[in-house]
Structure formats: C-alpha cells, structure tokens
Amino acid sequence: MSEPTAKRTAVVLFNLGGPDSPEAVEPFLFNLFNDRAIIDVPAPLRWLIAKMISKRRAPTARDIYANLGGRSPLVDQTRAQARDLELLLGPGYRCFIAMRYWHPFTSEAVESVKAWGATDIILLPLYPQFSATTAGSSLAEWQAQAKKLRITVPSRLSCCYPTQRYMVEALADLVRIGYAEAEAHGKPRVLFSAHSLPKKVIDRGDPYQTQVEQTTQAVARALDLPDLDWNVCYQSRVGSMEWIGPSIESELERAGQDKVPVVVVPVAFVSEHSETLVELDIEYRHQAEQFGIPAYVRVPTLGCHPSFIKALAEVVRDPKAGAGKDGCSSLGHTCLGKGCQC
C-alpha cells in the first residue's frame, strides 16, 4: 500500500505589480489599461485605448518612478511579505506571488505552483478590501491561466479581510506613532486615505467603499483616543468621470482652514509604491504646505509589520477571519470566484 501524499499548500499572493525599469513603464501601463476590469469595452477597442493612454502617460509616469530609482519597490516588498508569511505558516506551505500587470505575472505563478506539486491552493489578495477592479481582476486572470495549464487541485479565494483583528492592530500601532509625532503641533486630524474608484463601479454593487469604511471605523475604535478627529478620504482620481469621495485634496484644504496637523494613513495599500512614496509623500505634502497645515505626518504602509503577517496567516487558515461585518453577503455582493468562502 502506497503512503498518502503529503499535503502541500500553495499560498498565492495577488498584487498589482509595478515596472522594474524605465523601459517597463509603458508596457506596464498598457497591461493595466488593457484589463477589462479597468476599461470595460470590447477587446479590440480596449487594446487601442490602452495603447493610446499608455503612450500618453508614460513620460509622466517615468518621471514619477525616477523619484523611486526608476522602478517600483512593490514587488520586492511583496516578496518580503511572502517570505515572512511562509515562515509563520510553517511546514507544508509555500508562498508564491502573482502580479497582475508586470513580472512575475500570474502565468509565471501558475507554472511555479504546478511545478511544486501543490495539493491545494489558497489565493490571497493583498487587497484587504474587495473590489472587482483589484482582487476580482487578479482572480479572473488566475482562473484563465490555471485553465490553460490544467491545474485541477482545489483552490480557495480569501477574498477580503477589512476588519481582520491583527491587521487592525497593526494599523492602530502605526497610527499611534504618527499621531504622537503630529501632536507636537496641535491636536491632529487622522485622514485615512484609500485609492478612489469611479462612482459607477460602486453603484454596480462593488463593496470596496463600504469595506474601506469598515476598516477605518475598526482602526478608529482600536486607537481609543479621546475625541479622536478623523475622516476617510480618497486619492488618485483621474479623468472627468465622477469618483467616490471626499477627495484627499478637499480634506487637506479643510485641515488647512482649521489649522490642524494631519496624520495621513494609507488604509487600502499594504506596500509602498508610487501612490504612497510620490503621491502622498511628495505631491500631497506639498499641497499641505500650501494650505498652511501645521504638520503633515504620513504613516507607513503595513509592509512586514509582525501583526499584519499574523493577520495574513490567520486569513490563510480561516477564510472568514476579518471578512467584515456579517461577511460580504451583508453588502449585497457576490465574489467572483466559485472557491470564495467569505
């Protein structure tokens, strides 16, 4: 009688990815805008639009990445998170990373998982709040690539964890440090900043905005600071369509009028990249100075904070850990993956 095969669980970390050289900026942007989850038009037209937008935006984007040494740090940070998570999970687990728009692509992760001989697969988006434009897009790409390579082992999507207790603990820990720094300049206002989305995406039932608010409410409670002054706001809006708000620009202007220091907290990004290191650290800091804000303190992303890695480990072991109030179903939302058990 043959011995049973040892269980080998592949944990696949989904993230956006980022260009690894100035030459990669334009193709990275093309891949982004050629995603149907981003521009929902028929494929031939989407290809043309993506070509046009990526070519037009590439020079400005290259200037942005020049501030970061010509490349995004997101992939290296995701690799560090994967290493720490694998160590915490222990024997029988191996972590892989699947980037949506640049190397290592999802197809590369699928090949690696198959070559390793995984007996089951856990898909773990590094997006605490679910959106069809992020985790949903990564899942759809995983399913397409897994079908091509005929991966048949069971897989499960841990789709969202906006109120995961250890993640909230990690965020609260980082906010306290930033709050203490800003307090030297007066009573601070905490601005939880998340990437904005077109309002039409939310109107279609996407739970992202509701889950961002769940996260911010949980962190505000965990801070347990008397008369905490805080608000949630949204950044990175582009184009003329209506986006969810309030915008971080309007909140900075209001803080300037009130003459209060601000503590800016990236609440939906878990790794440093251009939207934190350039947009928040340089562009919005400059705006804060123009508005006369007494102090502008930006809290780091979660990165490899031990409590965040602990949060990811718990989500891997229990897909319902931190899935939000009453889970996704309370939001009138059905996740895209058949394997989602949120």
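Residues numbered from 1 in each chain as written. Predicted model: local features only at pLDDT ≥ 70, side-chain atom pairs only at ≥ 80, totals over all residues. Heavy atoms only, no water.

### Focus on the packing of helix α6 (residues 165-182) against helix α8 (residues 208-223)
Relative orientation of the contacting elements α6 and α8 amounts to 60°, with a least axis distance of 9 Å. By the angle class used here, α6 and α8 are oblique. Here the hand of the crossing between α6 and α8 comes out right-handed. Side by side, α6 and α8 meet where M167, V168, L171, A172, V175 and R176 of the first sit next to T215, A218, V219, A222 and L223 of the second. (Axes fitted to C-alpha atoms, helices over the stretch in contact; angles between N-to-C directions. Helix = DSSP H or I, 4+ residues; strand = E, 2+ residues; numbered from the N terminus. Parallel < 35°, antiparallel > 145°, perpendicular 65-115°, else oblique. Left-handed = near helix turned anticlockwise from the far one by under 90°. Contact = heavy atoms within 4.5 Å.)

### Section: the pattern of salt bridges
According to the stated counting rule, one finds 13 salt bridges in the structure shown. Ionic pairing is found between D35 and R100, a salt bridge with its closest N-O pair at 3.4 Å. Here R100 lies in the loop between β2 (93-99) and α4 (106-116) and D35 lies in the loop between α1 (25-33) and α2 (43-66), a separation of 65 residues in the sequence. For R100, a relative accessible area of 15% puts it in the buried group. Between D258 and R189 there is a salt bridge; the shortest N-O distance is 2.9 Å. Of this pair, D258 sits in helix α9 (residues 248-258) while R189 is found in strand β5 (residues 189-195), placing the two residues 69 residues apart along the sequence. Among the residues examined, D258 registers a relative accessible area of 38% and is labelled partly exposed. Three or more residues are tied together by salt bridges with common partners; here these are D35, R100 and E141. (Salt bridge = Lys/Arg side-chain N within 4 Å of Asp/Glu carboxyl O. Buried < 20%, exposed > 50% of the residue type's maximum accessible area, 1.4 Å probe, protein only.)

### Focus: the nonpolar core
Nonpolar side chains tend to gather and get buried jointly when the protein is soluble and globular. Counting residues in hydrophobic clusters, the biggest one holds 55 residues, and the most contacted among them are L13, L85, L124, Y208 and F308. Per-element tally for this core: the top contributor is α6, with 10 residues. Residue contacts for Y208: discarding those within four places in its chain leaves Q129, F130, S131, A194, H195, L197, I202, Y234, I244 and A268. Membership of the second largest hydrophobic core comes to 22 residues, among which are A10, F14, F96 and C160. (Core = buried A, V, L, I, M, F, W, Y, C linked by side-chain atoms within 4.5 Å.)

### As for the sheet that holds strand β6 (residues 229-235)
Here 4 strands make up an open sheet; going across it, the order is β6-β5-β7-β8 and the pairing parallel. Pairing within the sheet leaves two strands with one partner each, and these edge strands are β6 and β8 (296-298). This sheet shows a mean twist of 25° between the axes of neighbouring strands, independent of strand direction. Pairing of strand β7 (residues 262-266) with β8, which is carried by 3 bridges, proceeds in the parallel orientation. When the bridges of β8 are listed, V262 appears paired with Y296. Running over the sheet, α8 touches β5 and β6 and is turned about 150° from β6. (Pairing = 2+ DSSP bridges.)

### Thoughts on the packing of aromatic side chains
Taken as a whole and judged by the stated rule, the model has 6 aromatic pairs. Between F28 and Y101 the ring centres are 6.4 Å apart and the planes differ by 80°, which places this aromatic pair in the edge-to-face class. On the criterion of sequence distance, the pair formed by F28 in helix α1 and Y101 in the loop between β2 and α4 is long-range, its members being 73 residues apart. Considered together, F28 and Y101 belong to a single accessibility category, that of buried residues. For K51, the ring lying beneath its charged end belongs to F30, and the centroid distance is 5.3 Å. (Phe/Tyr/Trp six-rings, centres within 6.5 Å; stacked < 30°, edge-to-face > 60°. Lys NZ or Arg CZ within 6 Å of the ring centre and 35° of its normal.)

### Let's talk about the confidence of the model for the protein
Of all residues in the protein, 92% have pLDDT values of 70 or greater, and the mean over the chain is 92. Throughout residues 329-342 the model reports pLDDT below 50, and contacts reaching past four residues in sequence, or to other chains, amount to 34 contacts. (pLDDT = per-residue confidence, 0-100.)

### Considering the pairing of strand β3 (residues 120-125)
Residues in a regular strand point their side chains to alternate faces of the sheet. Among the 6 residues that make up β3, 6 are buried, leaving the element largely enclosed by the rest of the structure. By the alternation rule, side chains of β3 split into D120, I122 and L124 and I121, L123 and P125, which are all buried. Sheet analysis places strand β1 (residues 9-15) next to β3, joined by 6 bridges and oriented parallel. Bridge pairing links A10 to I121 in β3. Here β3 runs beside strand β4 (residues 155-157); their pairing, made up of 3 bridges, is parallel. Considered in β4, the bridge of I121 is made with S155. Regarding topology, helix α5 (residues 135-148) serves as the crossover connection from β3 to the parallel β4, and that connection is right-handed. (Right-handed = clockwise from strand over helix to strand, strands pointing away.)

### Digging into unusual backbone geometry
The omega torsion across H103 and P104 is -10°, close enough to zero to call that bond cis. Along the chain, P104 falls in the loop between β2 and α4. Residue G245 is joined to P246 through a cis peptide bond whose omega torsion reads 10°. One can find P246 in the loop between β6 and α9. The phi dihedral of R150 falls on the positive side, at around 60°, and the residue is not glycine. Topologically, R150 is positioned in the loop between α5 and β4. Phi is positive for D224, close to 50°, though the residue is something other than glycine. Along the polypeptide, D224 turns up in the loop between α8 and β6. Judged by relative accessible area, which is 68%, D224 ranks as exposed.

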